[in-house]
Protein chains: 2
Amino acid sequence: MAVYNVSLIGFGGVNRALVSLIRNYNDEWMKKLGFRLNIVGVSDLHLGSLISPNGVDAEELLKIKMEKGGLASLDGGCPDPRSMEVIRQAPADIIVEATFTDPKTAEPAISYCRTAFEAGRSVVTTNKGPVALAARELIKLAQQKNVGFEYEGAVMSGTPVIRLAKKSMAGADITGFQGILNGTSNYVVGRMEMGLSFNEAVAEAQEKGFAEANPAADVEGLDIRLKVVILANEILGANLKPDDVSCSGILGLTPADLEDAVSHGERWKLIGSAEKDEDGFVSAQVKASRLPSSHPLASISGATNAVTFSTELLGDVTVTGPGAGRIETAYALLSDIITLHHDRCSFTEKGDAE
Amino acid sequence: MAVYNVSLIGFGGVNRALVSLIRNYNDEWMKKLGFRLNIVGVSDLHLGSLISPNGVDAEELLKIKMEKGGLASLDGGCPDPRSMEVIRQAPADIIVEATFTDPKTAEPAISYCRTAFEAGRSVVTTNKGPVALAARELIKLAQQKNVGFEYEGAVMSGTPVIRLAKKSMAGADITGFQGILNGTSNYVVGRMEMGLSFNEAVAEAQEKGFAEANPAADVEGLDIRLKVVILANEILGANLKPDDVSCSGILGLTPADLEDAVSHGERWKLIGSAEKDEDGFVSAQVKASRLPSSHPLASISGATNAVTFSTELLGDVTVTGPGAGRIETAYALLSDIITLHHDRCSFTEKGDAE
């Protein structure tokens, strides 16, 4: 049994969902998973910050007003965002990083991770930026400091893609992958197949709440590109940067293209993929592709995501699940913490038993 | 780095495939996975047995004549099957059990597992029998003896279903599952949709080599039932026996049923499923079901298998992959050994570091 102190960096939808899980499930986690979480720090650009060495009540935290400086209403709260101070000074075992993704620099998230590791704290994050742009450096630093770094939620929210490939499929020799890694663009293509125009389909996705006000990163493939970089580096051992991945989106797809495919029983999908050749060289791309109906990704519709891994020993294995959602992404953070817990138990509980 | 001594009980297609993997990949495993395998015992009802404390060369073992008593041609070989003696006396760390499944008694496989544990040896198996009929007892005995017991290959060959659900989705609160868990019956239904009669479709599956000479267990749902019992007990915490699972196969499906579904864009599938209610009671069944085309299992065709897990926190997650195959099932054994290796490393290498 353990209690982990956590500091939440960013208090948007995902970290608020995590706090609601803590409120609802903490006692159950203690019984079923062997730990509970205690929130000792929060920082958010808009809401301000909080340091509470003994822990703040999850229910109280969820009740604050979602207005500028709203965290100041709690004991230990302050109207200014002081992320670095919270990371350094609140007595957290784990920093839960869920701030926005800057696709060019991945800052300030990279600095948050570095600062956490330097302070001897583990990091779990749902942020694609630091994982896509600085995973090698950050993994190395975490190892040097003997802390954990987990980021399942950077790809397909809580659907266990990275952990499936690296752990459950270890030794199967993964040689490549193809994925539907962005729900908005997949939804838009699916609706265009049914006769909507591009603009109508985007507007519908926005109404349903899963397309951004500016859907450019989704429909141009840039969001997928970051995820392809993460999976290629993590699973195929590549060292790609986003610019190494050729990238086109769905803007070139015409109603006639879609109609022609459907009339042949085929489907257009925006696919992010990477492949390792015999010399170990990894090439990767994001591209709209016409798939035969027998392809495991052809039937993935709506906002669902999926990745097919090609392997030497096991053929193709596909995992399909939610690619977004606040609770689903908060679950990714929980799954990361479970991994940290198991790694720690391997260290401390079993000891030198053999 | 480690060397694991293994004894192979049963030397049919799956364990022979494992030996070919050992021949081809042992050096690579040492580098990438941190261990190699050394074969110190073999026993097979037909081929005889072998005890070789220093290890038998994989290539030599693959060259024996596949005839009665064929193992006698090797040093330490003998024309008689002596499984219990091999399990007890060959100095194996791990017993690799891949004998036939007796769906009524699961013997002699259960006795092989018990004997291995009593002798202080871990077991990996692809055999549904002992896992479906005696998992609780065997897990308890393995724990008492401080050895491992892994059986990923009992469901969907090497496709990581059990490990995905138990490890990668820990904490997501799995409340039920639905699966296409038998390739032969799924293939037959798919071909009947295309106009073949039941008998024609079965004959075709037999020609292609994945239906048994007697396909009763496949088309009556009995093979699926054992897998449903395994998943329900393992993942939903049930304590079901096969007779607790209502079971019907595809024999009642008529061409008219299939045609009617297809004309409505729907598909008939033989589904194994289980569900946990709010009181924790688990009900399970095997039954042909008519699925809407949007259902994640509707598009699973041919001999491919798939399971959809329903969860509280993550919605539905589906894993799709091979459900059979010699290499694919041998990979399941490798993945089990990787798990044993990691568990052992947690014990011995990290020590009491914190």
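See above for the structure.
Presented here is a report on the structure given in the accompanying data block. Values in this document were obtained by computation on a predicted structure and should not be read as measured data. (Residues numbered from 1 in each chain as written. Chains lettered and ligands numbered in written order. Predicted model: local features only at pLDDT ≥ 70, side-chain atom pairs only at ≥ 80, totals over all residues. Heavy atoms only, no water.)

**Focus: the pattern of salt bridges**
For the record, the criterion: By definition, a salt bridge exists where a carboxyl oxygen of Asp or Glu is found within 4 Å of a side-chain nitrogen of Lys or Arg. Strands here are runs of E lasting at least two residues and helices are runs of H or I lasting at least four, both read from the DSSP assignment and numbered beginning at the N terminus.
For the structure on display, the rule yields 36 salt bridges over all chains. Note that Lys32 of chain B is salt-bridged to Asp173 of chain A, the shortest N-O span being 3.8 Å. With one member in each of two chains, Lys32 of chain B in helix H1 (residues 13–32) and Asp173 of chain A in the loop between helix H6 (162–168) and strand S8 (174–180) form a pair that bridges those chains. The salt bridge involving Asp223 of chain A is made with Lys227 of chain A; its shortest N-O contact spans 2.8 Å. Within this pair, Asp223 of chain A and its partner Lys227 of chain A are both found in helix H10 (residues 222–235), separated by four residues, close to a single helical turn.

**As for the packing of aromatic side chains**
Residue and element names in this part refer to chain A. Rules: Aromatic rings from Phe, Tyr and Trp, taking only the six-membered ring of Trp, are treated as a pair when their centres fall within 6.5 Å; an angle between ring planes under 30 degrees marks them as stacked, one over 60 as edge-to-face, and anything in between as tilted. Burial status follows relative accessibility: with a 1.4 Å probe on protein chains alone, a residue under 20% of its type maximum counts as buried, one over 50% as exposed, and anything between as partly exposed.
Using the criterion set out here, one finds nine aromatic pairs over all chains in the structure. Taken together, a centroid distance of 5.6 Å and an interplanar angle of 55° make the contact between Tyr4 and Phe35 tilted. Of this pair, Tyr4 sits in strand S1 (residues 2–9) while Phe35 is found in strand S2 (residues 35–44), placing the two residues 31 residues apart along the sequence. Under the relative-accessibility criterion, Phe35 is labelled buried at 0%. Joined through ring pairs, the aromatic side chains of Phe117, Phe149 and Tyr151 make up one cluster.

**A closer look at the packing of helix H5 (residues 128–144) of chain B against helix H10 (residues 222–235) of chain B**
Residues and elements named next belong to chain B. Definition in use: The convention used is that axes are lines fitted to C-alpha atoms, helices contributing only their stretch in contact, and that angles between N-to-C directions extend from 0 to 180 degrees. For classification purposes, angles smaller than 35 degrees are called roughly parallel, those larger than 145 roughly antiparallel, those between 65 and 115 roughly perpendicular, and all remaining angles oblique. Handedness of a helix crossing follows the sense of rotation of the near helix relative to the far helix, less than a right angle counterclockwise being left-handed and clockwise being right-handed. By the convention used here, residues are in contact when the closest approach between their heavy atoms is within 4.5 Å. Ten residue types, Ala, Val, Leu, Ile, Met, Phe, Trp, Tyr, Cys and Pro, are classed as nonpolar, four, Asp, Glu, Lys and Arg, as charged, and the remainder, Gly among them, as polar.
At a minimum axis distance of 8 Å, the contact between H5 and H10 shows a crossing angle of 25°. Relative to H10, H5 is oriented roughly parallel. Here the hand of the crossing between H5 and H10 comes out left-handed. Contacts from Lys128, Val131, Ala132 and Ile139 in H5 reach Asp223, Leu226, Lys227, Val229, Ile230, Asn233 and Glu234 in H10. Classifying every residue of the contact of H5 with H10 gives six nonpolar, one polar and four charged.

**Overview of the interface of chain B and chain A**
For the record, the criterion: Accessible surface is computed with a 1.4 Å probe, and the buried area is the amount of it that two parts give up when combined, taken over both parts together. As used in this structure description, the phrase polar contact means that two N or O atoms lie within 3.5 Å; if the pair is within protein, one of them must be able to donate a hydrogen and the other to accept it, and residues adjacent in sequence are counted only when both atoms belong to side chains. Strands are treated as partners if at least two bridges between them are detected by DSSP.
Of the residues lining the interface, 42 residues belong to chain B; the matching set on chain A comes to 42 residues. Contact between chain B and chain A buries roughly 3,600 Å² in total, counting both sides, with carbon and sulfur atoms accounting for 60%. For the interface between chain B and chain A, the tally reads seven residue pairs in polar contact (both at pLDDT 80 or more). With 10 residues, helix H12 (residues 326–348) of chain B is the single largest residue contributor to the side of chain B that touches chain A. Of the residues assigned to the side of chain B that touches chain A, the class counts are 19 nonpolar, 11 polar and 12 charged. Relative to strand S13 (residues 315–322) of chain B, strand S13 (residues 315–322) of chain A is paired through three bridges, and the arrangement is antiparallel. Bridging from a neighbouring strand, Thr318 of chain A pairs with Thr320 of chain B of S13 of chain B.

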